[in-house]
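Each chain, written out:
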Amino acid sequence: MPRIISKSDCVGCANCERVCIVGCITEDKDKKRRINESACVDCGACQLACPRKCISQNNLTKKMILFHKNRTIKSFV
Ligand code: SF4
Ligand code: SF4
């Protein structure tokens with residue numbers, strides 16, 4: 001299932017946009033982020049990167065969590 005952002009809780013930090021593996025998260029006029037649901041591949045990277053937990057929280061396997069944590073560390077250094 002594609003992810004959905006709860007806009008009322010989004011603070012526009014852009015973490016999700018930086019880590020999205022297919023680039024389907026963009027900035028809205030209000031600086032908050034939106035997900036192009038037709039392009040989302042449900043990888044879960046944005047879910048892990050969001051400090052506000054305002055992206056739908058689907059179940060992830062331990063392998064997926066480890067994969068994204070390694071990627072995220074590299075993308076932020
Ligand atoms: S689940 Fe993955 S593909 Fe979908 S919006 Fe989040 S980071 Fe992008
Ligand atoms: S990571 Fe969360 S709070 Fe930050 S822009 Fe994305 S949805 Fe908004």
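To be clear, the structure that these remarks concern was listed above.
Cut-off values and rules
Residues numbered from 1 in each chain as written. Chains lettered and ligands numbered in written order. Predicted model: local features only at pLDDT ≥ 70, side-chain atom pairs only at ≥ 80, totals over all residues. Heavy atoms only, no water. Helix = DSSP H or I, 4+ residues; strand = E, 2+ residues; numbered from the N terminus. Rg over C-alpha atoms; globule rule 2.2 N^0.38 Å. Contact = heavy atoms within 4.5 Å. Areas by Shrake-Rupley, 256 points an atom, 1.4 Å probe, with all protein chains shown as cover. Near = heavy atom within 4 Å. Nonpolar A, V, L, I, M, F, W, Y, C, P; charged D, E, K, R; others polar. Core = buried A, V, L, I, M, F, W, Y, C linked by side-chain atoms within 4.5 Å. Buried < 20%, exposed > 50% of the residue type's maximum accessible area, 1.4 Å probe, protein only. Patch = residues over 30% accessible without salt bridge, like charges linked within 9 Å, V, L, I, M, F, W, Y side chains within 5 Å. Salt bridge = Lys/Arg side-chain N within 4 Å of Asp/Glu carboxyl O.

Peer 1: Which residues make up the overall build of the protein chain, and what values go with them?
Peer 2: Each helix and strand in the protein chain was counted, giving three helices and two strands. In the protein chain, the order of α-helices and β-strands from amino to carboxyl end is α-β-β-α-α. Over its C-alpha atoms the protein chain spans a radius of gyration of 12 Å, differing by no more than 12% from the 11 Å that the globule rule assigns to 77 residues. If one aligns the C-alpha atoms of the protein chain with their principal axes, the spans along those axes are about 35 × 30 × 20 Å. Nonlocal contacts in the protein chain, meaning residues at least 24 apart in sequence, comprise 52% of its contacts between residues at least 6 apart. Counting only carbon and sulfur atoms, one obtains 56% of the accessible surface of the protein chain, whose full area is about 5,100 Å².

Peer 1: Residues and numbers for the site of ligand 2, please.
Peer 2: Close contacts around ligand 2 come from 14 residues, with Cys10, Cys13, Ala14, Cys16 and Cys50 the closest. Among the residues making up the shell around ligand 2, the classes are represented as ten nonpolar, two polar and two charged.

Peer 1: Give me the nonpolar core: which residues, what numbers.
Peer 2: Ile5, Cys10, Cys16, Cys20, Cys24, Ile25, Ile35, Cys40, Cys46, Cys50, Cys54 and Ile55 together form the largest nonpolar core, which totals twelve residues. Excluding residues that lie within four positions of it along the chain, Cys40 makes contacts with Pro2, Arg3, Cys24 and Ile35.

Peer 1: Can you lay out a nonpolar patch on the surface for me, pointing to particular residues and giving the numbers?
Peer 2: Where nonpolar side chains cluster on the molecular surface, the patch consists of Ile21, Val22 and Val41 and spans about 230 Å² of accessible area. On the secondary structure map, Val41 appears in the loop between strand 2 (33-35) and helix 2 (45-49).

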